[in-house]
Amino acid sequence: MPVVQFGNVYYFFYLIMGTLAILATIRLLKNKSDKYRYWFLFGVLVFNFALHFLKIFIYPYTTLDIPLRKVSLENICAVNSVLFPIIYLIKNKTLKDYLIMAGMVSGFLSFVYPANAMSDRFDGAFFGHQMAFSVEIIRFYVSHLILFLVPFVMMHYRMHEISIKRFSRAPLVLVMVLFIIFINELILTAINWVPRADLYDVNKRNPSLIFGIKEEFSKVAWIPLIFVPAFLKIHPLTGEPFFWPVVWMILPVLIYTSIMSIVFCYIYDRNDTKAYLNRRFHLDKRQQSELK
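Right, let's walk through the structure included here.

Rules and cut-offs
Every chain's residues receive numbers from 1 upward, in the order its sequence appears when written. For this predicted model, a pLDDT threshold of at least 70 governs which residues receive local features, and a threshold of 80 or more governs which side-chain atom pairs are given and counted, while totals over whole chains, interfaces and linings are taken from all residues. Side-chain metrics in this entry use all non-hydrogen atoms of the structure; hydrogen atoms and water are not considered. In what follows, salt bridge is the name for a side-chain nitrogen of Lys or Arg lying within 4 Å of a carboxyl oxygen of Asp or Glu. Burial classes: relative accessible area under 20% of the type maximum marks a residue as buried, over 50% as exposed, and values in between as partly exposed (1.4 Å probe, protein chains only). Secondary structure elements follow DSSP: runs of H or I of four or more residues count as helices, runs of E of two or more count as strands, with numbering from the N terminus. Within this scheme, the nonpolar core is defined by two criteria: the residues are buried Ala, Val, Leu, Ile, Met, Phe, Trp, Tyr or Cys, and they are joined through side-chain atoms within 4.5 Å. Residue contacts are defined here by distance: any two heavy atoms, one from each residue, within 4.5 Å place the two residues in contact. Two N or O atoms form a polar contact when they lie within 3.5 Å of each other; inside protein one atom must be a possible hydrogen donor and the other a possible acceptor, and for residues adjacent in sequence the pair counts only when both atoms belong to side chains. Lining residues are those with an atom within 4 Å of a point, where the points come from a 1 Å grid over the protein atoms alone and group into cavities, where a 1.4 Å probe fits but cannot get out, or pockets, open sets with protein on both sides within 12 Å along at least five of seven lines. Grid points are joined across faces, edges and corners, and a volume is the space filled by probe spheres set on the points. Charged residues are taken to be Asp, Glu, Lys and Arg, nonpolar residues to be Ala, Val, Leu, Ile, Met, Phe, Trp, Tyr, Cys and Pro, and polar residues to be all remaining types, Gly included. A pair of Phe, Tyr and Trp rings is counted when the ring centres sit within 6.5 Å of each other, with Trp represented by its six-membered ring. The angle between the planes then sorts it: under 30 degrees is stacked, over 60 is edge-to-face, the rest tilted.

Things to note about the pattern of salt bridges
The full count for this structure, using the stated rule, is 7 salt bridges. Here E74 makes a salt bridge to K70, at a shortest N to O gap of 2.9 Å. With respect to class, E74 is no different from K70; both count as buried. Between E185 and R205 there is a salt bridge, with the nearest N and O atoms lying 2.7 Å from each other. Of this pair, E185 sits in helix α7 (residues 169–190) while R205 sits in the loop between α7 and α8 (222–225), and the two are 20 residues apart along the sequence. The exposure class assigned to E185 is buried, which follows from its relative accessible area of 1%.

Let's talk about the nonpolar core
In this structure, V4, Y88, Y98, I100, Y141, V150 and I210 are the most contacted members of the largest nonpolar core, which totals 65 residues. Elements that contribute at least two residues to this core include exactly α1 (9–29), α2 (34–54), α3 (76–89), α4 (93–112), α5 (115–118), α6 (135–156), α7 and α9 (250–268). No other element matches the 12 residues that α6 contributes to this core. Those residues within four positions of Y88 in sequence are excluded, and the remaining contacts are R37, Y38, L41, F42, L45, K96, L99, V150, M154 and M159.

Quick notes on the side chain of S143
With respect to the helices and strands, S143 occurs in helix α6. Residue classification places S143 among the buried residues on the basis of a relative accessible area of 6%. A polar contact of 3.0 Å, which involves the side chain of S143, links it to the side chain of N48. With residues up to four places along the chain from it excluded, the contact list for S143 reads N48, L51 and S81.

Describing the layout of surface pockets
There is about 260 Å³ of room inside the second largest pocket. Along its surface, the second largest pocket is lined by K93, M155, H156, R158, H160, E161, I162, S163, R166, Y268, D269 and D272. In terms of residue class, the lining of the second largest pocket is built from 3 nonpolar, 3 polar and 6 charged.

Side note on the packing of aromatic side chains
Evaluated as defined, the whole model comprises 28 aromatic pairs. Plain terms: the ring middles of Y11 and F12 are 5.1 Å apart, the flat faces sit at 90° to each other, and that makes the pair edge-to-face. On the accessibility criterion, Y11 (6% relative accessible area) is buried. A relative accessible area of 40% places F12 in the partly exposed class. Taken together through their ring pairs, the aromatic side chains of Y10, F13, Y14, F111, F133, F140 and Y141 make up a single cluster.

Here it is in structure tokens:
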């Protein structure tokens, strides 16, 4: 059956097509004015915004009793699809940094490991694999391609400047996004759009892993869990295994995304980043010698 699986021909087909689309966009905008590039990319983000809401009219969203819940802010990519057009227009460097980093990382990871395209589950329940060229799989790839494409082109044509002085801010924005997702889930549960039994269940509706590590990710669970204190994995009243929603993620998210943020700064702001790290490194060595 023609389905996307890690390393098969359909996996590489979408990877190659995404790469060609990025190269074609860069070539298209090469001799255009800054104004043209600015509004072109904004139009692409608006298209993705519309695509996010129009998906309720395609299969398998049409099989849901309340398909509208799938266009809520239910995961990081959904939040990005909805908020990126707004962030793009406003003149806030911190939010623009988040757009660049979160967009490129989430878009890139969605092509390298397209979990939703490969999964046999939908909306937290077994559904079966979808065909590689079904409308939903194509929508998935187009949407995540745009999340990567727009910030990548912005940086290619220097439409935004990342600074090492702000490297710690984008991770904090991501934590705020995770709390938005949690609040969204509470609202969906309160209005009975999501079964109450699914709330806090790590293997059902667990958007962006805010309720803990799913069983399917158990092999790599150690990566975030090494930074999670034991008490954040236990219910404070019952003593049973339980991940504190979102809170369990804060420390690993801040650590890993701060490292990613520094990498972005090194790529796009190399000289200032080197100078900053040198100052911090020498300062730390000096402090250690004084303590001795």
